[in-house]
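Here is what each chain is made of, one letter per residue.
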2 protein chains.
Amino acid sequence: MCLTEHTPSNATARLLSLWRIREQASRRPPPDKGSRLKSANNHRKNHLLAALPEESYVRLLPELELIAMPLGWVLYESGGRLNYLYFPISGIVSLLYVTTNGASSEIAITGNEGLVGISLFMGGESTTNRAVVQCAGHAYRMPVPALKMEFALGGAFQHLALRYTQTLITQMAQTSVCNRHHSLDQQLCRWLLLSIDRLKDSELIMTQELIANMLGVRREGVTEAAGKLQQAKLINYSRGKITVLNRPGLEKRVCECYAVVKNEFERLLPYRVPA
Amino acid sequence: MCLTEHTPSNATARLLSLWRIREQASRRPPPDKGSRLKSANNHRKNHLLAALPEESYVRLLPELELIAMPLGWVLYESGGRLNYLYFPISGIVSLLYVTTNGASSEIAITGNEGLVGISLFMGGESTTNRAVVQCAGHAYRMPVPALKMEFALGGAFQHLALRYTQTLITQMAQTSVCNRHHSLDQQLCRWLLLSIDRLKDSELIMTQELIANMLGVRREGVTEAAGKLQQAKLINYSRGKITVLNRPGLEKRVCECYAVVKNEFERLLPYRVPA
DNA sequence: CCTCATATGTTCGCTAGCACACAGACGAAA
DNA sequence: TTTCGTCTGTGTGCTAGCGAACATATGAGG
């Protein structure tokens, strides 16, 4: 492919670990329809659904189906077709780009503040990235026809979807800049903060190997950076479980990128606690 | 700001060169209204305008005003308010992110295939990046009220604008990955190809210093990478003028990122030659 | 033709992060 | 308890790109 490409030796290892994820995925297709979680209030755990006016909300309600998002499940593949728009109510979904030689980078991250599958309403039907569940959780999914109808109305739903897309764009731009200019240490802090912002507790189930895949760096690099944070008592980790002990401490170390993304988020989609 | 931030010493130099740009900009506000270029067919030099059905086109025509985009002109500033949506018919506009310590990175690039100011219809009104004219040219601009009205119709215009936004997202994602995984040499090739794709001739007015700002690297690095390309007779440059001599040669050296962006572009917005 | 600001070339030491190769350490299952 | 797979820690080169300082070239304007 590329003669002058960086040697893909280690990249192969990364690819393997991604394969592992994908196999997990095929083993566990989305179950959980009609679980105990299915009570009206759960919908409002997704901030976008929560922000919908009553009128749109009642229209969409019957279309929404609750599903479980197991760790590692691939919501959509690069170039693949989507049949649903997803509104997470818990857990984290990563938008991941995987290069032809197996190296990968996280492009953006979505939790219960957003939705997964913007290409459905943007018009492309597919994108060049992959969406993977990074932390298990649940989501409501909406079939494409319903989505398109509601979007075409040009009302609150369209408005929210587009604003959310704009925050995603900000996140992607910031990731790009961060990749270029900031140290691995800072990027790890950013990643940790963005992630725990999307969880209720401050505990992540995530190995350093996977974090390395997200950040697009070597696992050893993450070990080193995480080691520093642990020494500073900001986090604690062992065997795929990371606990944030001192959030303000992380915020001191992180680069500007985190704040930019967060501020832009609050500017565009101020979250109102659902009634 | 960031204690562990990379030293901003050289970044300062970069900032200065950006200042220079901005001063040029304030010296030359958009003139050129009603120039000789103003003939009906010129609108169609912008691919998005060209793709509009007659019905929308005639509605928008009276709203469009031709302006010149001088080199270095800032269409909008990070966080700043926009009053127009721009449809370039020639020249190149860079979306640039500048960090607090003065380092910068190009996020995406727009020519006559697209439009500048997506935040206007996405809903944010502003973005965290800056749009700078990288190669002088002309554009039609549309005032915000007209834009919003047309967009709200939910017709072809909305459709095209959103599809274009999707290609822009692809470009940003790819830039991010490229920043992480590919060598400066390859990135330079990508940048050159993306740029000359948006120009009629294969000549760029651009110093290595400025390219370095776009790519977010040191000028010396660009000198070295460009030197290799010149030795290989792929390009020729001197004092701020770069000529591409051997396009296929560049395409052999470039990383996958260029092709991904280009293919996605053609998939989403196949350009039909205007009648 | 000369001057001078600007653009490019080159050098040297330095650091972050890479590749590769193991060693330990923990925990779930047998 | 033992075993074994998975995580994490560490070390040894190595390279790309950084910072800084300076040398050279070149073209536009006097």
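Residues numbered from 1 in each chain as written. Chains lettered and ligands numbered in written order. Predicted model: local features only at pLDDT ≥ 70, side-chain atom pairs only at ≥ 80, totals over all residues. Heavy atoms only, no water.

Here we come to the overall build of chain A. Counting its regular elements, chain A contains twelve helices and ten strands. Counting the 275 residues in chain A, one finds 61% classified as buried. A fraction of 76% describes how many contacts in chain A between residues 6 or more apart in sequence connect residues 24 or more apart. Element-wise, carbon and sulfur atoms account for 55% of the exposed surface of chain A, whose accessible area totals about 11,300 Å². (Helix = DSSP H or I, 4+ residues; strand = E, 2+ residues; numbered from the N terminus. Buried < 20%, exposed > 50% of the residue type's maximum accessible area, 1.4 Å probe, protein only. Contact = heavy atoms within 4.5 Å. Areas by Shrake-Rupley, 256 points an atom, 1.4 Å probe, with all protein chains shown as cover.)

With that out of the way, let us pick up the domain arrangement of chain A. Residue and element names in this part refer to chain A. When its domains are assigned, chain A resolves into domain 1 (9–154) and domain 2 (183–254). On the side of domain 2, 17 residues touch domain 1, which itself brings 19 residues to the contact. Together, the buried faces of domain 1 and domain 2 total about 1,400 Å²; carbon and sulfur atoms form 58% of this surface. In this assembly, domain 1 and domain 2 are joined by one salt bridge. Counting every contact that joins domain 1 to domain 2 gives four residue pairs in polar contact (both at pLDDT 80 or more). Considered class by class, the residues forming the side of domain 1 that touches domain 2 number six nonpolar, ten polar and three charged. (Domains from an automatic or database assignment. Buried area = accessible area lost by both parts, 1.4 Å probe. Salt bridge = Lys/Arg side-chain N within 4 Å of Asp/Glu carboxyl O. Polar contact = N/O pair within 3.5 Å; in protein donor to acceptor, adjacent residues only side chain to side chain. Nonpolar A, V, L, I, M, F, W, Y, C, P; charged D, E, K, R; others polar.)

Attention now goes to helix H8 (residues 184–197) of chain B. Residue and element names in this part refer to chain B. Helix length check: H8, at 14 residues, gives a terminal C-alpha distance of 20 Å against a target of 20 Å (1.5 Å per residue), a fit within 8%. When you tally the buried positions in H8, you get eleven out of 14 residues, the bulk of the element. Every buried residue of H8 is accounted for by Gln186, Gln187, Leu188, Cys189, Arg190, Trp191, Leu192, Leu193, Leu194, Ser195 and Ile196. (Expected span 1.5 Å × (residues − 1).)

All names here are of chain B. Taken in spatial order, the four strands make up an open sheet running E2-E6-E4-E5, and their pairing is antiparallel. The open sheet has two edge strands, strand E2 (74–76) and strand E5 (104–110), and neither has a second partner. Each neighbouring strand pair of the sheet contributes to a mean axis angle of 35°, computed without reference to strand direction. Two strands pair when backbone bridges link them, and E2 and strand E6 (residues 130–135) are joined in this way by two bridges, in the antiparallel orientation. If you follow Tyr76 over to E6, its bridge partner there is Ala131. Strand contacts of helix H7 (residues 156–181): strand E4 (92–98) and E5, with the helix running at about 145° to E5, the strand carrying the most contacts. Of the strands in this sheet, E4, E5 and E6 touch H8, which is tilted by about 35° from E5. (Pairing = 2+ DSSP bridges. Axes fitted to C-alpha atoms, helices over the stretch in contact; angles between N-to-C directions.)

To continue, consider the interface of chain A and chain B. If you look at the interface, chain A gives 54 residues, while chain B gives 54 residues. Carbon and sulfur atoms supply 52% of the area buried between chain A and chain B, which totals about 4,500 Å² over both sides. At the junction of chain A with chain B, the criterion picks out zero salt bridges. Scanning the region where chain A abuts chain B turns up 27 residue pairs in polar contact (both at pLDDT 80 or more). Going through the elements one at a time, strand E5 (104–110), helix H5 (119–122), helix H7 (156–181), helix H8 (184–197) and helix H12 (256–268) of chain A are the ones with two or more residues in the side of chain A that touches chain B. Considering every element that reaches the side of chain A that touches chain B, the biggest residue donor is H7(A), with 16 residues.

Attention shifts here to the packing of helix H9 (residues 208–215) of chain B against helix H10 (residues 219–231) of chain B. Residue and element names in this part refer to chain B. Taken N-terminus to C-terminus, the directions of H9 and H10 make an angle of 110°; their axes are 8 Å apart at the nearest point. Compared by their axis directions, H9 and H10 come out roughly perpendicular. For the pair formed by H9 and H10, the contact residues are Gln208, Glu209, Ile211 and Ala212 on the first element and Arg219, Val222, Thr223 and Ala226 on the second. Of the residues that constitute the contact of H9 with H10, the class distribution is four nonpolar, two polar and two charged. (Parallel < 35°, antiparallel > 145°, perpendicular 65-115°, else oblique.)

A few words on the side chain of A:Ser94. Residue and element names in this part refer to chain A. By the element assignment, Ser94 lies in strand E4 (residues 92–98). Among the residues examined, Ser94 registers a relative accessible area of 0% and is labelled buried. Here Glu106 takes part through its side chain, which lies 2.3 Å from a polar atom of the side chain of Ser94. A polar atom in the side chain of Ser94 sits 2.6 Å from the side chain of Gln134. Residues in contact with Ser94, not counting those within four places in the same chain, are Glu106, Ala108, Arg130, Ala131, Val132, Gln134 and Met214.

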